[in-house]
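Residue-level structural notes
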Amino acid sequence: MDLRRLKRILKDVLIRSCNTEQIAYIAREADPNFNLQKVSGFGNHVVIPRQTAAEVVLDYFQSEYQILNFISMLYYYDGKGISGGILHLKEKFKLDKFLMENDLIYNPQLNKFVLSQKEIKQKDWGILEEGKEYKLSFLDIDIVGSSELIKTNVKIDIENTLKNFRFFINNITDEFDGRIWQWYGDGGLIAFLNEFGVSNAIRVGLKILYLLPVFNFTSNQLRWENNISIRMSIHFGYAEYKSEVNLIDSEDIHLTRTLEHQFGLPNAIILSETAYNLCDNELKKFFDYYNIYKNMKIFIFNKLS
Amino acid sequence: MNIFVLDPDQSIDVFYKNFFRVEFPKVELRFFRSTNDFFDTISYLKPDLVLTEFEIPNTFNVFNQLQSNQICFIVVSRIFSERIIVESLKHGAYDYIHKSNLKFDYFKNILIRAFLDLPRWQKINTECLSIQTFPEYQKYDESLKNLALESLQTSANIDPTIPVFVEGKTYILNFLTVRIPIYPELLSYFVAEEELQRMHAEWLKKAINIIEQLNGIIWIRKSDAFTAVFPQKDYLRPILASLEIKAYIVQVLSNLDISELKILCAIEQGSVVYSKDKENLYTEAINLTYHMVERLPSQYYLYITENIYKMLDPRTKKYFFKEENPFKGRAIYHFEYIS
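Conventions adopted
- Residues numbered from 1 in each chain as written.
- Chains lettered and ligands numbered in written order.
- Predicted model: local features only at pLDDT ≥ 70, side-chain atom pairs only at ≥ 80, totals over all residues.
- Heavy atoms only, no water.
- Helix = DSSP H or I, 4+ residues; strand = E, 2+ residues; numbered from the N terminus.
- Buried < 20%, exposed > 50% of the residue type's maximum accessible area, 1.4 Å probe, protein only.
- Areas by Shrake-Rupley, 256 points an atom, 1.4 Å probe, with all protein chains shown as cover.
- Pairing = 2+ DSSP bridges.
- Right-handed = clockwise from strand over helix to strand, strands pointing away.
- Expected span 1.5 Å × (residues − 1).
- Axes fitted to C-alpha atoms, helices over the stretch in contact; angles between N-to-C directions.
- Contact = heavy atoms within 4.5 Å.
- Core = buried A, V, L, I, M, F, W, Y, C linked by side-chain atoms within 4.5 Å.
- Buried area = accessible area lost by both parts, 1.4 Å probe.
- Salt bridge = Lys/Arg side-chain N within 4 Å of Asp/Glu carboxyl O.
- Arc of directions from axis to C-beta.

**Some words on the overall build of chain B**
- Along chain B, the regular secondary structure elements total 12 helices and 12 strands.
- Per-residue burial over chain B gives 50% buried out of 339 residues.
- Accessible surface, chain B as shown: approximately 17000 Å² in total, 51% of it carbon and sulfur.

Here's what the structure looks like:
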């Protein structure tokens with residue numbers, strides 16, 4: 001990131017938008033140890049021009065992290081009243097543009113800049129924090145009869161097909177902002193952020209099923225008798241985030257797997273009652289009531305046509 | 001009546017056969033790919049009329065020999081060049097027709113006129129040949145013939161790797177017709193008809209994008225349907241395109257509060273004489289795919305003909321199931337997701 005350019009833009013925004021007190025206040029919010037009078041060398045009773053205040057702040061915050069933290073505070077107070085006036089950031093779009101060019105977007109919930117995920121898809125979407133519990137939607141995928149396929153096919157064909165399958169799943173998952181957290185070779189667990197992710201998980205499931213023949217025609221290297229078919233289940237619940245995503249486990253992840261193992265049918269999607277209740281109304285028409293598991297209704301999509 | 005067809009392009013035969021069977025059932029057709037075979041045959045069997053392509057070896061020599069043998073001939077060619085047409089007529093051709101015009105009534109009328117005019121033409125031709133030209137005539141005649149042929153070579157010198165369709169040339173292609181019909185449930189869902197029209201246009205546009213990503217070319221576009229072409233060997237691509245379009249339609253449906261969003265795709269392989277005016281292309285394959293997407297039940301969304309089915313590999317064949325009743329006398333297959 002071109003820090004010098006960022007500082008130039010930021011200085012311009014600060015001078016146009018804030019008075020000295022506001023600049024000092026925001027800097028103090030970003031770093032409680034910041035003291036404008038002390039850092040600038042001006043005495044307590046001397047009025048500091050806003051341009052000088054802005055230059056002092058930009059000198060004080062040196063690293064990329066510190067500057068982004070300061071800008072986060074600036075964004076947080078935009079439109080709010082501080083130090084005797086409402087802060088309105090003028091020409092904020094210049095900052096937005098520069099940050100977007102650097103793949104960064106402001107997350108108001110976290111009050112920090114996160115990677116936009118356009119270029120790099122982080123397993124934590126750039127926002128999940130280690131050890132914290134989050135609401136997530138889970139999609140479990142499993143190839144039907146994979147052990148039988150391994151017995152009847154050459155090892156290299158199996159390896160290539162499974163590699164292609166993961167690539168196929170990954171492409172569709174990325175499109176709907178899902179993250180493959182665990183992959184077992186013949187299937188895996190895909191996570192989606194919060195309750196809104198349920199609808200995305202269903203859309204991923206539908207797209208996978210409808211494009212599965214394309215995969216079989218173009219990327220399946222097994223014997224021609226062996227077309228790949230899959231079972232899927234979707235559930236919504238909680239899990240504690242770990243940067244080692246392979247190690248993430250929770251009761252809800254376990255339940256997602258159980259639904260797939262116990263109720264899954266080839267080329268069908270099993271949906272838990274929780275997920276069914278949370279999904280968009282437009283998606284409910286795809287599912288029919290199927291079974292009951294521990295007092296929880298289970299729904300199924302198995303009418304591919 | 002005997003008509004000889006001298007054309008190296010074999011794919012045009014089907015058109016001639018169908019055309020003469022319908023319009024002139026008593027005409028006997030013979031097809032020749034090379035001039036040697038052709039002249040061997042006319043040495044003992046004189047045809048009443050010859051239909052010849054211009055693009056044959058030693059074209060003008062062939063024309064001269066036909067003229068001197070009092071054989072009436074019509075040039076049916078993919079070449080549409082003023083010089084070539086004039087030179088052909090100068091060298092004895094009774095008429096000249098561009099292949100893209102074959103489907104129109106021109107061809108039928110040209111033939112009828114030729115049949116009716118044959119005795120008179122022969123008399124005129126005999127008279128013409130009996131009159132000697134000036135010695136200098138040959139020099140300018142040769143020069144003009146060479147210029148015409150050179151201009152032809154320049155225009156034909158196109159990079160073969162670029163898929164450029166040449167006007168009048170016959171191609172065997174795979175035709176995919178996709179139809180996204182507007183039906184009552186859709187009309188009642190969208191309060192404003194303009195909104196439905198806008199959405200419908202967007203769906204078609206996206207479907208066309210999918211086709212183009214798979215190297216298909218859109219030839220015909222109608223209000224609720226379009227036809228795309230794929231090269232002869234790419235018989236799998238139209239199937240893949242249909243599947244991707246269906247996946248897209250399901251995504252659209254997942255955002256709408258309606259029970260279904262209909263889509264019908266049909267694929268057939270056939271030959272076509274290329275014309276820039278694609279709305280008037282003559283090809284049975286396009287007609288058939290349009291009839292299929294109009295008339296076949298929407299219970300299944302993808303239908304292929306037996307021509308396509310036979311070419312598929314066993315893995316792909318597993319997804320296609322034969323329809324009980326043939327469609328317009330042809331066996332057809334529908335696609336199902338469970339192989």
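**Digging into the pairing of strand E5 (residues 95-98) of chain B**
Residues and elements named next belong to chain B.
- The alternating pattern of E5 places Asp95 and Ile97 and Tyr96 and His98 on opposite faces, both of which are buried.
- Sheet topology note: the strand E4 (residues 73-77)/E5 ladder contains 4 bridges and is parallel. When the bridges of E5 are listed, serine 77 appears paired with histidine 98.
- As a crossover connection, the stretch from E4 through helix H4 (residues 82-90) into E5 is right-handed.

**Describing helix H10 (residues 251-263) of chain A**
- For H10 of chain A, with 13 residues, the first-to-last C-alpha span of 18 Å sits near the 18 Å given by 1.5 Å per residue.
- Restricting attention to buried positions, one finds in H10 of chain A the residues Asp252, Ile253, Leu255, Thr256, Arg257, Thr258, Leu259, Glu260 and Phe263 of chain A.

**Some details on the sheet that holds strand E7 (residues 187-193) of chain A**
Residues and elements named next belong to chain A.
- Taken together, 7 strands build an open sheet; the order of strands is E6-E7-E5-E8-E9-E11-E10 and the sheet is mixed. Where the open sheet ends on each side, the last strands, each with one partner, are strand E6 (179-183) and strand E10 (288-293). Ignoring strand direction, the axes of neighbouring strands in this sheet form an average angle of 30°.
- For E6 and E7, the ladder comprises 4 bridges, and the chain directions are antiparallel. Its bridge partner being in E7, isoleucine 180 is matched across the sheet by isoleucine 190.
- Against the sheet, helix H9 (residues 197-218) contacts strand E5 (133-143), E7, strand E8 (230-240), strand E9 (268-272) and strand E11 (296-301), and its axis sits at roughly 160° relative to E8.
- Seen against the sheet, H10 touches E5, E6, E7, E8, E9, E10 and E11 and runs at an angle of roughly 165° to E8.

**Focus on the nonpolar core**
- Grouped together as the largest cluster of nonpolar side chains are 90 residues, with contacts concentrated most on Phe165 and Ile230 of chain A together with Trp203 and Phe320 of chain B.
- Examining the composition of this core, we find that 13 residues originate from one element, H9 of chain A, more than from any other.
- Apart from residues no more than four positions distant in its own chain, phenylalanine 320 of chain B is found in contact with Ile239, Leu302, Ile304, Tyr309, Leu312, Tyr333, His334 and Phe335 of chain B.
- The next biggest cluster of nonpolar side chains, apart from the first, holds 36 residues, and it includes Ile23, Leu74, Leu87 and Phe98 of chain A.

**Looking at the pairing of strand E7 (residues 217-221) of chain B**
Residues and elements named next belong to chain B.
- Examined bridge by bridge, E7 and strand E8 (residues 225-231) share 4 bridges and lie antiparallel to one another. Across the sheet, residue isoleucine 218 finds its bridge partner in E8, namely alanine 228.
- With antiparallel pairing between neighbouring strands as the criterion, E7 and E8 make up a hairpin whose turn holds 3 residues.

**Thoughts on the interface of chain B and chain A**
- With 25 residues of chain B at the contact, the number on the chain A side is 27 residues.
- Buried area between chain B and chain A, both sides added, is near 2300 Å², and the carbon and sulfur share of it is 65%.
- Scanning the region where chain B abuts chain A turns up 0 salt bridges.
- Of all elements in the fold, only helix H9 (237-253) and helix H12 (314-317) of chain B reach the threshold of two or more residues within the side of chain B that touches chain A.
- It is H9 of chain B that contributes the most residues to the side of chain B that touches chain A, 9 residues altogether.

**Details of helix H6 (residues 92-101) of chain A**
All names here are of chain A.
- Residues of H6 that are buried: Leu95, Phe98 and Leu99. What you see down the axis of H6 is that its buried residues fit within an arc of 95°, all on one side. Among the exposed residues of H6, those oriented more than 90 degrees off its buried face are Phe93 and Met100.
- Close packing links the buried residues of H6 with helix H1 (3-17), helix H5 (64-77), strand E3 (104-107) and strand E4 (112-115).
- Immediately downstream of H6, the backbone of aspartate 103 shows phi near 65°, a positive value.

**Describing the environment of proline 266 of chain A**
Residues and elements named next belong to chain A.
- The topology assignment puts proline 266 in the loop between H10 and E9.
- Accessibility expressed as a relative area gives 45% for proline 266, which makes it partly exposed.
- A C-alpha to C-alpha distance of 6.5 Å links proline 266 and valine 144, two positions 122 residues apart in sequence.
- Excluding residues that lie within four positions of it along the chain, proline 266 makes contacts with Val144, Ser229, Ile230 and Arg231.

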